[in-house]
Amino acid sequence: MTVKTMAQFAAENKIPEILFWVGCAGSFDDRAQKVTRAFAEILTSAGIEFAVLGDEEACTGDPARRAGNEFLFQMTALQNIETLNMYGVKKMVTACPHCFNTIKNEYPALGGHYDIVHHTQLLQELIDNGRIKMTGGGEFKGRRITYHDSCYLGRANGIYEAPRDVLQSLDTQLVEMKRSKTNGLCCGAGGAQMWKEDEPGDKRINMERVEEALGTGADVIAVNCPFCLTMMSDGVTAKEGGAMVYDLSELIVGGMAK
Amino acid sequence: MVQSIIFILVSVAALGYAFWQFRQVYLNIQLGKEETVEGPVAERWKNMFLVAMGQKKMFKRIIPAVLHLMLYVAFVFTQIELLEIFIDGIFGVHRFFAEPLGGLYTFIISTIEILSVLAFVATLIFLIRRNILFIPRFNKPEMTGWPKLDANLILIFELILLLCIFTMNGTDEVLQRLDPAHYPDTHLAITGWLGPMIFGGLEQGTLEVLERIGWWGHIIMVFVFLNYLPKSKHLHILLAFPNTWYARLKPKGEMINMPEIMNEVKTMMGLGDPDAPEPDMNAELPEFGANDIFEMSRIDLLGAYSCTECGRCTSVCPANITGKKLSPRKIVMDVRDRSEQVGANIRSGNAEFAKDASQPVSADNYDDGKNLWDFITREEIHACTTCNACVEACPVLINPLEMIMKLRRHEILTEAAGPQDWLPLFNSIENQQRAWSVGTSRTAWAEE
Ligand code: SF4
Ligand code: SF4
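All values reported here derive from a predicted model rather than from experimental measurement.

**Student:** Quick question: what am I supposed to make of the site of ligand 2 here?
**Tutor:** Close contacts around ligand 2 come from Cys307(B), Thr308(B), Glu309(B), Cys310(B), Gly311(B), Arg312(B), Cys313(B), Arg329(B), Cys394(B), Pro395(B), Val396(B) and Ile398(B), and that covers them all. Looking at the shell around ligand 2 residue by residue, the class counts come to seven nonpolar, two polar and three charged.

**Student:** Could you clarify how one ought to interpret the site of ligand 1 in this entry?
**Tutor:** All names here are of chain B. Around ligand 1 sit 13 residues in total, of which Cys 317, Cys 384, Cys 387, Asn 388 and Cys 390 are the nearest. Where the shell around ligand 1 is concerned, the elements lending two or more residues are helix H16 (389-393) and helix H17 (400-414). Broken down by class, the residue content of the shell around ligand 1 amounts to 10 nonpolar, three polar and no charged.

**Student:** Explanation requested: the domain arrangement of chain B in the structure shown.
**Tutor:** Many authors give the size of an interface as the accessible area that is lost as the parts come together. All names here are of chain B. The assigned domain composition of chain B is domain 1 (2-30 + 61-238) and domain 2 (250-270 + 287-432). Taken residue by residue, the interface counts 18 residues in domain 1 and 23 residues in domain 2. With both sides pooled, the region where domain 1 packs onto domain 2 buries about 1900 Å², and carbon together with sulfur makes up 51% of that total. Our count for the contact surface shared by domain 1 and domain 2 stands at one salt bridge.

**Student:** How should the pairing of strand S5 (residues 115-118) of chain A be read in this particular structure?
**Tutor:** Within a regular strand, side chains alternate between the sheet's two faces. Residues and elements named next belong to chain A. Where strand S4 (residues 91-94) and S5 come together, four bridges link them in parallel fashion. Residue pairing for S5: Val 93 is matched across the bridge by Val 117. The β-α-β motif built from S4, the intervening helix H6 (residues 97-106) and the parallel element S5 has right-handed crossover chirality.

**Student:** When you look at the confidence of the model for chain B in this model, what are you seeing that I'm missing?
**Tutor:** Interpretation of the predicted coordinates at a detailed level should be avoided for regions scoring low in pLDDT. All names here are of chain B. Of the residues in chain B, 96% reach a pLDDT of 70 or more, and the chain-wide mean stands at 89. When pLDDT is averaged over each helix and strand of chain B, the minimum, 83, is found for helix H7 (residues 191-199) and the maximum, 97, for helix H11 (residues 298-306). Predicted complex, confidence summary: ipTM 0.94, pTM 0.91.

**Student:** Please clarify how helix H9 (residues 236-246) of chain B should be interpreted in this entry.
**Tutor:** Helical periodicity: at 3.6 residues per turn, an α-helix aligns residues three or four positions apart in one direction. All buried positions along H9(B) are accounted for by His236(B), Leu239(B), Ala240(B), Asn243(B), Thr244(B) and Trp245(B). Residues of H9(B) that are buried in the fold lie against helix H1 (2-30), helix H2 (41-53), helix H3 (62-91) and H11 of chain B.

**Student:** Could you clarify how one ought to interpret the UniProt feature "transmembrane region" (unreviewed entry) in chain B in this entry?
**Tutor:** Residues and elements named next belong to chain B. The feature "transmembrane region" (unreviewed entry), as annotated in UniProt, sits at residues 6-22, 62-87, 107-128 and 149-168 in this numbering. Along residues 62-87 one finds 100% helix and 0% strand; the C-alpha atoms at either end are 39 Å apart. Within residues 149-168, the helical portion is 100% and the strand portion 0%, while the C-alpha atoms at the span's ends are 28 Å from each other.

Analysis parameters
Residues numbered from 1 in each chain as written. Chains lettered and ligands numbered in written order. Predicted model: local features only at pLDDT ≥ 70, side-chain atom pairs only at ≥ 80, totals over all residues. Heavy atoms only, no water. Near = heavy atom within 4 Å. Nonpolar A, V, L, I, M, F, W, Y, C, P; charged D, E, K, R; others polar. Helix = DSSP H or I, 4+ residues; strand = E, 2+ residues; numbered from the N terminus. Domains from an automatic or database assignment. Contact = heavy atoms within 4.5 Å. Buried area = accessible area lost by both parts, 1.4 Å probe. Salt bridge = Lys/Arg side-chain N within 4 Å of Asp/Glu carboxyl O. Pairing = 2+ DSSP bridges. Right-handed = clockwise from strand over helix to strand, strands pointing away. pLDDT = per-residue confidence, 0-100. Buried < 20%, exposed > 50% of the residue type's maximum accessible area, 1.4 Å probe, protein only. UniProt positions renumbered as here; feature names shortened; annotations may be inferred.

So, in structure tokens, the structure goes:
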């Protein structure tokens, strides 16, 4: 797959339709890279001209800020804002709700104003306006799917319906967990927990959530966040299977007309 | 006449002491830092109207919502009756509004009676829920001792108050029917039949005494309640209003920016305002974040005082659910308890609490050798996933996460402490601009 960077577009004196903000997980985590590829494939087949920042992208600073390290957050965030403003970026999309939240809600106070959407919102838009067409078949047709709301897309930004609409287009059977939408339970990764050992307790948070997800009888757990993806996959593995964990873009790639 | 004088004296004392206590709460909240209130004011009124007055958030859990609503509506309506109690008490008259209002009076007081019956039932059920049924959120470690007693006491006060109202109205009904008629007829909805059933056949003298006991009992319970409020989680019946009004309107995911750090980093990166004054290198290092209430915002302290100790936050906290020590309710209660402690120490005027012993102790000259870390452990705040479930759950729009984040900021920025596990994360972001020191290029995913 060839992807063009912002620098390449700039060299050709062109401006892409949208900047795809990949994020650290999407760039470096093996499992999340698959999501990045799936989403890039969708953008390509929808005929959207997109760019990435490539190595000019830096961590948005979400984990640093939530760990309490405001200095580091400001450093990395201001660096990103400089890069983005240099290229005159306006429209962005990302597959990570943490990047989405930081850029959307926190960069403006630092001087970075962008129109950013989360990939599930863009997916919904592309399906609604017919830029991607679902085959109505696909490998997930009729399967029982449960959707796990990430905290940073859900409660933090109030986006509950777009991802569910996207799932509807797959002709699957959507089953809700008892704790969903505003009451959704965290996967355990946010607030920089991803990078540290749990505090002493009875159980890991991802196990609590995976048990609930498996309890719905679903054989697919759909997520919208690379951290949820890791946490839920680890949980399912620890439970010795029972369901597959996928990001929404992977599900769409499997069910769209190519 | 004697009764009037006693009534006036008791009222002045009770209202005066209550005023003094509420003022202390106000002053304690002022110990926090001022925070700019941003966002549309209309939104604030709407929040106050829907969440505090309309109890909107309560309806996520229907059973307690309905029970609580019964108490709440009865409480609000009974306040109408207080007006008459004051007039009767001061001027030594009896049911001042009964004759001029006639049927309307019967209607108003009957409504209060019906609501009072509902409140009575709700209170009994609440007592059972608290003490007999096992409801996990009422049985956490922070809910032992005073908080548990507090919850029960108020319910018992409520029962006594209601019993007084019914005694007062019930005996009144019987006295009305005596020959010669004592009082104007009221024909109240409940005591109109319950009164004669219970008190019928009693001596006139006994009835008169009982009526006075009911009347005085009622007003004394009101005064007790008023003076008890500032010491209790029941302060929420008042503070829920300002607290929902002041609740931050920003998206839940947005953390409050720290302009002082932003500007410093901008200067470091050469992005700063070139006309800005040179930073004073000899200035005392500022404190970042909060390890005490002085650095919390007044909105945080107002929140702490508004807490109902309901535990809705804790019951949805993923850390707490999985057995970690973190309980957002405890954080909020600790911030309140620390505010109380500091407030009382400052008021004591005791020089041992002064930072500079030559000056009188005050908010700016305060050091008792303690701070919030004497209440909250590191383990608690390290367990938070910043999931915002507690913020979403709170029926009065308190934000425990904001307090937790201020503590975390203090730990990392001012104390340079915090979990060791985070050091590789910080190093990696600082040196390689990425959250993990793995992989090569950021476009490696495309190269497969
Ligand atoms: S934000 Fe933190 S304290 Fe609040 S519910 Fe989530 S984990 Fe618990
Ligand atoms: S912070 Fe809110 S939800 Fe938590 S105990 Fe207090 S009132 Fe209840």
